[in-house]
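Residue-level listing of the chains:
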Amino acid sequence: MAVLSINGYDSYSGCDIVVTASLPKSLADDASDDIYFTLGSLQTLSISTHQDKRPVRSLGNMNAKDYVMGQRTIAGSLVFAVFDRHFADRIMKAAGVIIPDEIPALDLTITFANEYGRSSRMVVYGVKIINEGQVMSINDLYTENTYQFVALGLEPLTAEEGRPS
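Residues numbered from 1 in each chain as written. Predicted model: local features only at pLDDT ≥ 70, side-chain atom pairs only at ≥ 80, totals over all residues. Heavy atoms only, no water.

**Details of the overall build of the protein**
Item 1. Counting its secondary structure elements, the protein contains 1 helix and 8 strands.
Item 2. For the protein, the succession of helices and strands along the chain, N to C, is β-β-β-β-α-β-β-β-β.
Item 3. Counting over 165 residues, the protein shows a buried share of 28%.
Item 4. The contacts in the protein between residues at least 6 apart in sequence include a share of 60% that link residues at least 24 apart.
Item 5. When the accessible area of the protein is evaluated, it comes to approximately 11200 Å², of which 53% is carbon and sulfur surface. (Helix = DSSP H or I, 4+ residues; strand = E, 2+ residues; numbered from the N terminus. Buried < 20%, exposed > 50% of the residue type's maximum accessible area, 1.4 Å probe, protein only. Contact = heavy atoms within 4.5 Å. Areas by Shrake-Rupley, 256 points an atom, 1.4 Å probe, with all protein chains shown as cover.)

Here is the structure:
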């Protein structure tokens with residue numbers, strides 16, 4: 001049987017993704033290493049970056065000569081299905097906080113692996129929750145918790161080394 005392989009064009013669906021959050025050891029009680037949590041009820045993760053760009057102008061010319069780079073913001077949202085407890089129950093207990101916006105900055109590692117044995121990963125560094133909401137309705141089959149976050153850094157999606165060709 002022939003196997004079709006097009007190198008460099010791997011894809012993943014939402015079902016191929018696992019997200020883990022790491023709580024730095026310096027913030028966790030009695031931890032010798034970072035503590036990792038699998039975010040199993042996470043349904044949606046969105047990430048956006050924005051960088052200000054300002055025009056450089058000269059007297060007597062209405063057109064911009066060039067644009068300079070300004071500040072960058074990394075932000076996004078998390079949507080969780082609500083089961084029998086808060087998604088961050090274990091994280092909040094480990095960090096000693098009672099409300100999600102008090103959780104110390106987390107690093108989110110997004111691991112991708114598909115049925116063809118391909119895998120990739122990306123990391124969002126310094127994730128701080130800034131907003132929390134909950135959606136419940138007689139029109140919905142399940143309840144969702146929604147969060148907005150800001151982050152300090154982003155490692156783009158990269159293919160894992162040593163994967164099958």
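**Here's the deal with the packing of aromatic side chains**
Item 1. As enumerated under the stated definition, the model contains 4 aromatic pairs in all.
Item 2. An angle of 50° between the planes, with centres 5.3 Å apart, marks the rings of Tyr12 and Phe112 as tilted. Here Phe112 lies in strand S5 (residues 106-113) and Tyr12 lies in the segment before strand S1 (17-23), a separation of 100 residues in the sequence.
Item 3. On the accessibility criterion, Phe112 (10% relative accessible area) is buried.
Item 4. Judged by centre distance (5.1 Å) and plane angle (65°), the rings of Phe87 and Tyr147 are edge-to-face. Residue Phe87 is located in the loop between strand S4 (66-81) and helix H1 (89-95), and its partner Tyr147 is located in strand S7 (residues 144-151); the two are separated by 60 residues in the primary sequence. Both residues of the pair, Phe87 and Tyr147, count as buried.
Item 5. A connected cluster of aromatic rings, assembled from ring pairs, spans Phe80, Phe87 and Tyr147. (Phe/Tyr/Trp six-rings, centres within 6.5 Å; stacked < 30°, edge-to-face > 60°.)

**Points about the pattern of salt bridges**
Item 1. Evaluated as defined, the whole model comprises 3 salt bridges.
Item 2. Taking the shortest distance from any N to any O, the salt bridge between Lys93 and Asp89 comes out at 3.4 Å. You can see Lys93 and its partner Asp89 sitting in helix H1, 4 residues apart, about one turn around the helix.
Item 3. Exposure remark for Lys93: the relative accessible area of 61% places this residue in the exposed category.
Item 4. Across the pair Arg121 and Glu155 runs a salt bridge, and its minimum N-O distance is 3.0 Å. One end of the pair, Arg121, is in strand S6 (residues 119-135); the other, Glu155, is in strand S8 (residues 153-159), and 34 residues separate them in sequence. (Salt bridge = Lys/Arg side-chain N within 4 Å of Asp/Glu carboxyl O.)

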